[in-house]
Every structure is written in C-alpha cells, then in structure tokens.
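Okay, here's what each chain looks like letter by letter:
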Amino acid sequence: MTRTSPRRPGGRPRRARRPGYPAAAAVFAVGMAGTTLPTPLYGLYRQELGFSELMVTVVFASYAVGVILTLLLAGNHSDVAGRRPVLLCALGFAAASAVCFLLEGGLPALFTGRVLSGFSAGLLSGAGTVTVLELAPPGRRSRAGLAATAANMGGLGCGPLLSGLLAEYAPMPLALPFLTHLGLLAVACVIVLLLPETVPGARPGARPRPRGLYVPAEVRDVFTPSSLAAFAGFSLLGLFTAVAPSFVSHTLGIGNLAVSGLVVFSVFLSSTVGQALTGRVPVRSALPLGCLVLVGGLLLVGASLWAESLALMVAGAVCGGLGQGLAFRAALTAVGDAAPPAHRAATVSSFFVVAYTGISLPVVGVGALTMWLGLERAGLTFTTCVTLLVAATALHLVRHAATTRGR
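Here is what the cut-offs are and how they apply
The residue numbers shown here count from 1 along each chain, following its written sequence. Totals for whole chains, interfaces and linings use all residues, but because this is a predicted model, local features are given only for residues with pLDDT of at least 70 and pairs of side-chain atoms are given and counted only at 80 or more. Hydrogens and water are ignored here; the side-chain numbers use all heavy atoms of the structure. Pairs were defined over the aromatic rings of Phe, Tyr and Trp, the Trp ring being its six-membered one, requiring ring centres within 6.5 Å. Orientation was assigned from the angle between planes: stacked under 30 degrees, edge-to-face over 60, tilted for the rest. Helix and strand definitions follow DSSP, with helices as H or I runs of at least four residues and strands as E runs of at least two, each counted in order from the N terminus. A simple rule labels every residue: compare its accessible area, found with a 1.4 Å probe on the protein chains alone, to the largest value its type can have, and call it buried under 20%, exposed over 50%, or partly exposed in between. Any carboxyl oxygen of Asp or Glu within 4 Å of a side-chain nitrogen of Lys or Arg constitutes a salt bridge here. As used in this record, nonpolar core signifies buried Ala, Val, Leu, Ile, Met, Phe, Trp, Tyr and Cys residues forming a set joined through side-chain atoms within 4.5 Å. The contact criterion used throughout is that any non-hydrogen atoms of two residues lie within 4.5 Å. For every residue, the predictor states its confidence as a pLDDT score lying anywhere from 0 to 100. Fitting a line to C-alpha atoms yields each axis, with helices limited to the stretch in contact; the angle taken between N-to-C directions then spans 0 to 180 degrees. The cut-offs work like this: below 35 degrees is roughly parallel, past 145 is roughly antiparallel, 65 to 115 is roughly perpendicular, and the gaps in between are oblique. Whether a crossing is left-handed or right-handed is set by the direction in which the near helix is turned from the far one by less than a right angle, anticlockwise for left-handed and clockwise for right-handed. Three residue categories are used. Nonpolar comprises Ala, Val, Leu, Ile, Met, Phe, Trp, Tyr, Cys and Pro, charged comprises Asp, Glu, Lys and Arg, and polar comprises the others, including Gly.

Chemist: How do you make sense of the packing of aromatic side chains when you look at a structure like this?
Modeler: When we look at a pair of aromatic rings, we describe it by the centre distance and by the angle of the planes. Applying the stated criterion to the full structure yields 9 aromatic pairs. Ring centres of tyrosine 63 and tyrosine 356 lie 6.5 Å apart, and the angle between their planes is 70°; this geometry places the pair in the edge-to-face category. With tyrosine 63 in helix α3 (residues 53–74) and tyrosine 356 in helix α14 (residues 344–358), the pair connects residues that are 293 residues apart, well separated along the chain. Neither tyrosine 63 nor tyrosine 356 differs from the other in exposure class; each is buried. Of the residues examined, tyrosine 356 reaches a relative accessible area of 5% and is grouped as buried. Counting every residue linked through ring pairs, the aromatic cluster contains Tyr63, Phe234, Phe328, Phe351, Phe352 and Tyr356.

Below, the structure is given as structure tokens:
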C-alpha cells in the first residue's frame, strides 16, 4: 500500500516541515558547551591525580591546539562536504571527548579529551555559524546572526554552569556532567539529521583540503590591530576558564563548584551581550570602545586578585566580557569586510588562529608563573601585560581613526 503525502486545499503536496535556524543554534550551543564543561572540575581532578596548577593550564591549552589544527586543516570542509556531515562529525568528537573524561584514565585521557573537544569546536565555529545563517529566512538574517553569537558564547558559558551545578548538588560529580552532555549530544544529532542541507551538490565523502594561513597585504593595516584585540580578549576568556575556579576555591576559600561555574558563565554571558550591542555601534567606533571597556575589566580582575574579592572578580568578568564581545565582533567584521572575496576564508581563518593562540599561550604562562610567584601575583602579572597590550591597541585604533577622518 503506497502512502501519499498530505495535500493542501489546492491539491499540491504539503512539504514536511523541517527545523529552522533556532534548532541549528541549539545544536551549536550544545556542542560548544562541551568544550568548557570540565572547567569547574579541574580542582577535583587535581585532588585525584595530584597534578599542579601549571598542568591544569597545559591540559586546558591542549584544547586550543585542537581548534587551531582543525581550522588549518578542515576549517572550510563544510563548503564541500555539506553542513550536516561536518556538524555530525563535530558532535561525534564532542561525544568522544566526554567518554575520555568518563574513563578517568589519568592525564593522557584528559589531554585526549581536550584535544578532541578542540576538534569539535574548530568544526562547529565555522559550520555551526554558517548553518544558522543559511537557514534563516531573508528577513531574519540579523536575528540569525545574533542567534549564532548567542549559541557560540552562550554555549561556552553554559558548560561550566551546568557542570558546576551538577557536581555540587548531584551525585557522581565527575561522571554526571558528561553523561548529561552525552544525552544532549544524542538529541542534537537527531536535530542535525532533520535539518535541510544548505550546500548545493554537497559531497560528504570529499577529503579536506587544507588552506593554511594567508593575510593579503592590503588587509594587514586592519588585520594587525583587529587580531591583537582578539588575542587580548580571548586571553581574558582563557584566564577565566582555566584559572578563575582555582582562584575562587584556593584564594577566596569558596569550595562551592556552582559558584565557580557561575563566575565563568558571567564572562561568556557578558561577551554575548557585548556582541549583540555591536550592531548598534559603527564598527570603526566599536573596536576601540570595546578595547577600552576590556581594559576596565582587566583592571577590575587585577583588583580582585589583589583585594581577594569575589565581587570585584564578577565585576571584572562582566565588564571584561562586554569589552571582549564588543571588540571581537567589530574586529571580525572589519577583517571580513577588508578581505578580498578570493582570500576571505583564509584571512578569517588566520584571524581565528591568532584569537585561539590568545586563549592558550598566556594562560600556560600564568600556570608557569604560579609555580614561582603564586596564583595572585601570577594573575596580576598576566592582567598587567594584557592591559598594556589592549591599551596600546586602543590608542593605535583611536589615532588611526583620527588620521582617516583628517584625510
């Protein structure tokens, strides 16, 4: 017996309704949440495995290595293979990462889990964003852009909040967060299978073609200050995700893992708000303004380390997150607009490589300094260096804008 599709009153078959861009944004958020899920749990791993603060930052930084490798080797693969296969692959890497943490096999398992998480984030950052934008109706592109932003940074913020709450108030603190995430990933996979493919003639079996790094000469005047601002902003995010929980527990004596997760969540939430505000401020003004706000956040973070104040730490997270979000989206827009179409993908990938370098190298430096100076002095050294970098970048941008207006 043959089944026929239900028909509209005019006699035409009714097409099956498929999920739209909000569903794709939800998939994006679930995938990104896994990359920060272990953040409040590092203290528990330190107790079990007995490794140092430096090793915590090295384990964290291995995630950035996975992201950068993926951006270099397969960042544009969804343009050929299609969005759905790449999204499924990213979710698969996220699931494999969760399994590594569930095995609790010591440092090798933690390193493997973080690198796999980086692979997932590297694929999602491109394919997830583009999928959300492509599934949006023409009149809702602006909303879709905001949805992609919220899914990216919001997902990163929800990871530590979820694991902190579960680890503090539910049984199996080192297992339940990852089991919960595996369940969410399963739902996300079903959603991806229901999403329409937006790449015409997609070839799922195609091999990735590495594109490498390239910044055209005509873009470098825009690329240099923009990438430095992104580097500094991601350094702040890295500091919070790798070191803030240790500061909350060891320096402030607050052992509640939910509080640690909430502190990290606040910086990503503020970044999401900052990126949402970028559309209301011209890019030329948003980038230096974001840098100046980021400087204010860094000063508050430094003050919180010196005064051992949780309130100042949260204030620094909110202010710094706003500045990072405002500057990051403005910088990305400036680089994308300045790049010639033939080299836009490679230029934007180079921009993200600089940004993700900022989330890893400085944080490892903080971990190394902690061995000799202690957490507070190491954090103060870090915030001083990054503050000087951001202030110099903001000054350069202001002078450049003044020179451009004077021509």
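Chemist: Explanation requested: the pattern of salt bridges in the structure shown.
Modeler: Opposite charge on two side chains permits pairing when their charged atoms draw close. In the structure shown here, the tally under the stated rule is 1 salt bridge. Among the ionic pairs, arginine 83 bridges to glutamate 134, the shortest N-O distance being 2.9 Å. Note that arginine 83 is positioned in helix α5 (residues 83–103) and glutamate 134 in helix α6 (residues 107–134), a separation of 51 residues in sequence. The class for glutamate 134 is partly exposed, based on a relative accessible area of 32%.

Chemist: Could you clarify how one ought to interpret the nonpolar core in this entry?
Modeler: Formed by 106 residues in total, the largest nonpolar core has its most connected members in Tyr45, Val132, Phe240, Phe351, Tyr356 and Val390. No other element matches helix α9 (residues 220–242), which puts 10 residues into this core. For valine 132, the residues in contact, after removing those within four places along its chain, are Tyr21, Ala24, Ala25, Ala144, Ala147 and Ala148.

Chemist: Would you mind going over unusual backbone geometry with me for this structure?
Modeler: Glycine aside, the phi torsion of most residues is negative, and most peptide linkages are trans. Of note, the phi angle at methionine 172 is positive, near 50°, even though the residue is not glycine. Along the chain, methionine 172 falls in the loop between α7 (141–169) and α8 (176–194). A relative accessible area of 47% places methionine 172 in the partly exposed class. At glutamate 308, a position not held by glycine, the phi torsion is positive, near 55°. As for its position among the elements, glutamate 308 is in the loop between α12 (283–307) and α13 (310–338).

Chemist: I tried to follow the confidence of the model for the protein on my own but got confused; where do I start?
Modeler: It should be kept in mind that the predicted coordinates are not to be read in detail where pLDDT is low. With 91% of its residues at a pLDDT of at least 70, the protein reaches an overall mean of 84. Confidence drops under pLDDT 50 across residues 1–6; counting only partners more than four residues distant or on other chains, this segment forms 5 contacts.

Chemist: Hey, could you run me through the environment of leucine 161 in this one?
Modeler: Mapped onto the elements, leucine 161 comes out in helix α7. Taking the C-alpha atoms as reference points, leucine 161 and proline 282, separated by 121 residues in sequence, lie 33 Å from one another. Setting aside anything within four residues of it in sequence, one finds leucine 161 in contact with Gly261, Leu262 and Phe265.

Chemist: Even after reading the chapter, I still don't get the side chain of glutamine 324, so can you show me in this structure?
Modeler: Among the structural elements, glutamine 324 can be located in helix α13. Residues contacting glutamine 324, with those up to four places away along its chain left out, are Met153, Gly233, Phe234, Leu237, Ser271 and Leu294.

Chemist: Could you clarify how one ought to interpret the packing of helix α1 (residues 21–36) against α7 in this entry?
Modeler: Geometrically, a packed helix pair is captured by the angle between its two axes and the distance between the axes. Running from N to C, α1 and α7 cross one another at 30°; their axes reach a closest spacing of 7 Å. Accordingly, the angle class assigned to the pair α1 and α7 is roughly parallel. Once α1 is placed against α7, the crossing between them reads as right-handed. Contacts between α1 and α7 involve Tyr21, Ala25, Phe28, Ala29, Met32, Ala33, Thr35 and Thr36 from the first element and Arg143, Ala144, Ala147, Ala148, Ala151, Asn152, Gly155, Leu156, Gly159 and Pro160 from the second. Grouping the amino acids of the contact of α1 with α7 by side-chain chemistry returns 12 nonpolar, 5 polar and 1 charged.

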